[in-house]
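# Structural overview for review
As a plain string of letters, each chain reads:
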Amino acid sequence: QVQLVESGGGLVQPGGSLRLSCAASGIIFSIYTMGWYRQAPGKQRQLVATIRFTSSSSTDYADSVKGRFTISGDNAKNTVYLQMNSLKPEDTAVYYCNGRILTSDLRTGDYWGQGTQVTVSS
């Protein structure tokens, strides 16, 4: 029904930058929110940032990434981005895209991407 496809992960040195992208496709009627979560080895998945796909485009960030990461969205492309600057080794994790989406058959659901690895290491 709905697919979320992430791209942009990789290996970067501490202090470097990466930009993640996530495109939603399928029987989408409307997107309420999209966001990024991450999961490090041995840890629970945690929220990184979310954005509302409304006129306000309000955003929320985890305290650990405020001032370093920026989430943005493109309603026309059903795409969300995560610009990550000043990366630290503790940012190393698999990053997952999430979307709360109303489908054309008028059902609301939470959808997840397959995950993309981000490794911050010298």
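Just so you know, these numbers come straight off a predicted model, no measurement behind them.

## Description of the environment of G9
Within the secondary structure, G9 is located in the loop between β1 (2-7) and β2 (10-12). Here the alpha-carbon distance between G9 and G115, two residues 106 residues apart in the chain, equals 9.1 Å.

## A word on unusual backbone geometry
Positive phi is not limited to glycine here, since N78 has a value of about 50 degrees. With respect to the helices and strands, the residue N78 is situated in the loop between β7 (69-74) and β8 (79-84). Classification of N78 by relative accessible area gives partly exposed; the value is 21%. For L106, which is not glycine, the phi torsion reads 60 degrees and is therefore positive. As for its placement among the helices and strands, L106 is situated in the loop between β9 (93-103) and β10 (108-112). The class of L106 is exposed, set by a relative accessible area of 61%.

## A word on the side chain of R38
Tracing the backbone shows R38 in strand β4 (residues 28-39). Among the residues examined, R38 registers a relative accessible area of 6% and is labelled buried. Within the local environment of R38, its side chain forms a polar contact with the side chain of S64, the two groups lying 3.4 Å apart. Apart from residues lying up to four places away in sequence, R38 is in contact with Q44, R45, Q46, V48, S64, V65, F69, E90, D91, A93, V94 and Y95.

## Here we look at the state of the cysteines
Evaluation of the coordinates by the stated rule reveals 1 disulfide. A disulfide bridge connects C22 with C97, and the sulfur atoms are separated by 2.1 Å. Its torsion about the S-S bond being -80 degrees, the disulfide of C22 and C97 is classed as left-handed. Pair noted here: C22 is in strand β3 (residues 18-26) and C97 is in strand β9, with a separation of 75 residues, a long-range link. For the pair formed by C22 and C97, the shared burial category is buried.

## Topic: the packing of aromatic side chains
Counted according to the given criterion, the structure contains 1 aromatic pair. For R19, the ring lying beneath its charged end belongs to Y81, and the centroid distance is 4.1 Å. Here R45 stacks its cationic end above the ring of Y96, 3.7 Å away from the centre of that ring.

Calculation rules
- Residues numbered from 1 in each chain as written.
- Predicted model: local features only at pLDDT ≥ 70, side-chain atom pairs only at ≥ 80, totals over all residues.
- Heavy atoms only, no water.
- Helix = DSSP H or I, 4+ residues; strand = E, 2+ residues; numbered from the N terminus.
- Buried < 20%, exposed > 50% of the residue type's maximum accessible area, 1.4 Å probe, protein only.
- Polar contact = N/O pair within 3.5 Å; in protein donor to acceptor, adjacent residues only side chain to side chain.
- Contact = heavy atoms within 4.5 Å.
- Disulfide = S-S within 2.5 Å.
- Phe/Tyr/Trp six-rings, centres within 6.5 Å; stacked < 30°, edge-to-face > 60°.
- Lys NZ or Arg CZ within 6 Å of the ring centre and 35° of its normal.

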